[in-house]
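# Structural features, examined
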Amino acid sequence: MPSVRNVLIANRGEIAVRIIRTCRAMGVGTVAVYSDADRDAPHVQLADRAVAIGPAAARASYLDVSALLAAARTSGADAIHPGYGFLSENAAFARAVTEVGLTFIGPPADAIAAMGDKVAARARMERVGVPVVPATDVLPPDPDAFASHASAIGYPVVIKAAAGGGGKGMRIVRAAAELPDAVRGAAREATAAFADGRIYLERYLERPRHVEVQVFGDAHGRIVHLGERECSIQRRHQKIVEETPSPAVGPELRAAMTDAAVRAARAVDYVGAGTIEFLLDEAGRFYFLEMNTRLQVEHPVTEWTTGLDLVREQILVARGEPLSFDAATPRGHALECRLYSEDPAHDFVPATGTISVLVEPAGPYVRFDGGIAAGTVVGIDYDPMLAKISTWGATREEARQRMLVALRETILLGVVTNRDYLRDVVAHPAFAAGATHTQFLAEHLPSWRPRPGARRDVAAVVAALALASTAQAHREGVPADAVPTPFETLGDWRAGASR
Ligand code: MV4
């Protein structure tokens, strides 16, 4: 039986913290790894031990396979959890981990590879009766070839990269005249992004919903689903708000989608946590898009409604034990908002700085997943997601009201965040009505500006903090002309509409 007694977490931030917490609750040891930028990060402080793996740039640390394997060896880890992002969907990494005799807490390398090639995955899905969008095979990068297929499929169409996923390199084409530019651009982008220029054509669905199904397999051949998640609220392929169940999915559609998802996972002998992504059109037809062969950012909403700890199930499965449950029986409704260090009033540019104050939301059915603290330096080396706020309610409306309260309670100073933007999404009448789709933000919140007076609740905290740190400097005998003004002590912040 594979052993999982001491887990190295090959990740950082909130997901590293999340994984460490479950390991501790299971009596499993933890090894954090950290780059030069993360020496004092919460995941480092929380783990049993921590190993430095290199400089701030991810390439030279969190993506450095030999540094990670060396850290596992020196720390006595017997297993590696990759988290999400970084090396989590890298089949070569999964293989390297098992080849040195460690347990990879994730799917078999072959399953990762099988789903990594989007064209091969589509073909496999078709064979097992999972619906896919009408599409071609890989085509030569020749506008004429694309033109004849496009007119057969019918416009609009979309050009995608075979090695792609997550929307990278996608080109929407609405008329034949746009094809030459789009083919050239898509092939160039695919080569640059994936070192694999293969492209193909699909029918383009307008304003679809993005609905995904959580699946789980164990080493005994059981594959179950844990219901769906609605993830349509995105911008530039970055999810912002997720929920379960989907407001667009009723019992019949759910049965069909979850059944297709389980068949999809079975087609690659899936073991571990995985997610099948579907596009859902306005007529209620759904189409396989891709499979994510990892634990997803938005897994907490599924944990809320199923009562399961998905990291615990991952560890059980990695040990060769059966899943701890027979079938999930979801209850109630859960929402998640992603808190990003970015400025929604200025084209969502990533924001940097030092977090000076962090007040986490709390209360019944409120969960805060963070990897940050007061003093955390937010730079540009990593993903700008700082934390996730999730809430549960017996009904969607109850979960939504709790989310509005939780967002109000969340106070983060020193770095500009999207908190007020999130609140305006969740408070929007169209969101309240469950009318979510992939064009939601573009249609309902174009050129967003903070509401006047939006930060009044924060003003008192700002004032108290600023005066306290100035007073502290005086007490410490800092020369009067060197004491910072209250405003200089605050770092980057914004009040109301100004800034
Ligand atoms: C599509 C599509 C419409 N039709 N494919 C974007 C992410 C990547 N996983 C695939 N994506 C899309 N593929 C066809 N044939 C629309 C999208 C899409 C999208 C999908 C999910 C969530 C948000 C999205 C935003 C824009 C486009």
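Scroll up a little and you will see the structure.
Note that the structure is a prediction, hence the values are computed from the model and not measured.

Here is what the cut-offs are and how they apply
Residues numbered from 1 in each chain as written. Predicted model: local features only at pLDDT ≥ 70, side-chain atom pairs only at ≥ 80, totals over all residues. Heavy atoms only, no water. Near = heavy atom within 4 Å. Polar contact = N/O pair within 3.5 Å; in protein donor to acceptor, adjacent residues only side chain to side chain. Nonpolar A, V, L, I, M, F, W, Y, C, P; charged D, E, K, R; others polar. Buried < 20%, exposed > 50% of the residue type's maximum accessible area, 1.4 Å probe, protein only. Helix = DSSP H or I, 4+ residues; strand = E, 2+ residues; numbered from the N terminus. Pairing = 2+ DSSP bridges. Right-handed = clockwise from strand over helix to strand, strands pointing away. Axes fitted to C-alpha atoms, helices over the stretch in contact; angles between N-to-C directions. Contact = heavy atoms within 4.5 Å. Arc of directions from axis to C-beta.

### Re the site of the ligand
Within the structure, the ligand sits among 18 residues, and K160, E202, R203, L205 and H210 are positioned closest to it. One of the side-chain N or O atoms of K160 is found 2.9 Å from a nitrogen atom in the ligand. At 2.6 Å from a nitrogen atom of the ligand is found a main-chain nitrogen or oxygen belonging to R203. By residue class, the composition of the shell around the ligand is seven nonpolar, six polar and five charged.

### Things to note about the pairing of strand β2 (residues 29–35)
Most of β2 sits out of view: seven of its seven residues are buried. Here β2 shows a buried face lined by G29, V31, V33 and S35 and a second buried face lined by T30, A32 and Y34. Pairing of strand β1 (residues 6–9) with β2, which is carried by four bridges, proceeds in the parallel orientation. Paired with N6 across the bridge in β2 is G29. Each parallel crossover has a hand, and the one from β1 via helix α1 (residues 13–25) to β2 is right-handed. Sheet topology note: the β2/strand β3 (residues 49–54) ladder contains five bridges and is parallel. Paired with V33 across the two strands is V51, which belongs to β3.

### Let's talk about the sheet that holds strand β9 (residues 199–203)
Strands sit in the order β6-β9-β7-β8 across an open sheet of four strands; the sheet is antiparallel. Each edge of the open sheet is held by one strand with a lone partner, namely β6 (135–139) and β8 (171–173). Across the sheet, the mean angle from the axis of one strand to that of its neighbour is 20 degrees, orientation sign disregarded. Where β6 meets β9, three bridges bridge the pair, whose relative direction is antiparallel. When the sheet's bridge partners are listed, A135 is paired in β9 with E202. Lying over the sheet, helix α8 (residues 179–194) contacts β7 (157–161), β8 and β9, oriented at roughly 165 degrees with respect to β8.

### Side note on the pairing of strand β11 (residues 223–235)
The buried fraction of β11 is high, at twelve of 13 residues. With six bridges connecting them, strand β10 (residues 209–217) and β11 associate as antiparallel partners. Bridged to V215 within β11 is H225. Counted along the chain from β10 to the antiparallel partner β11, the turn is five residues long, and its residue G221 has a positive phi close to 85 degrees. As defined by bridge partners, β11 adjoins strand β12 (residues 238–244) across four bridges and the pair is classed as antiparallel. Bridge pairing in β12 places E230 opposite E243.

### Focus: helix α7 (residues 143–153)
Every α-helix carries 3.6 residues per turn, so stepping three or four residues along brings you back to the same face. Turning to α7, its buried residues are A145, F146, A150 and I153. Along the long axis of α7, the arc covered by the buried residues comes to 125 degrees, so they all point the same way. Of the residues in α7, the exposed ones pointing more than 90 degrees away from the buried face are D144, S151 and A152. Turning to α7, the residues buried within the fold contact β6, β7, α8 and β9. The distance from a side-chain oxygen at the start of α7 to the backbone nitrogen of D144 is 3.0 Å, and the residue carrying that oxygen is D142. Backbone geometry just after α7 places G154 at a positive phi near 100 degrees.

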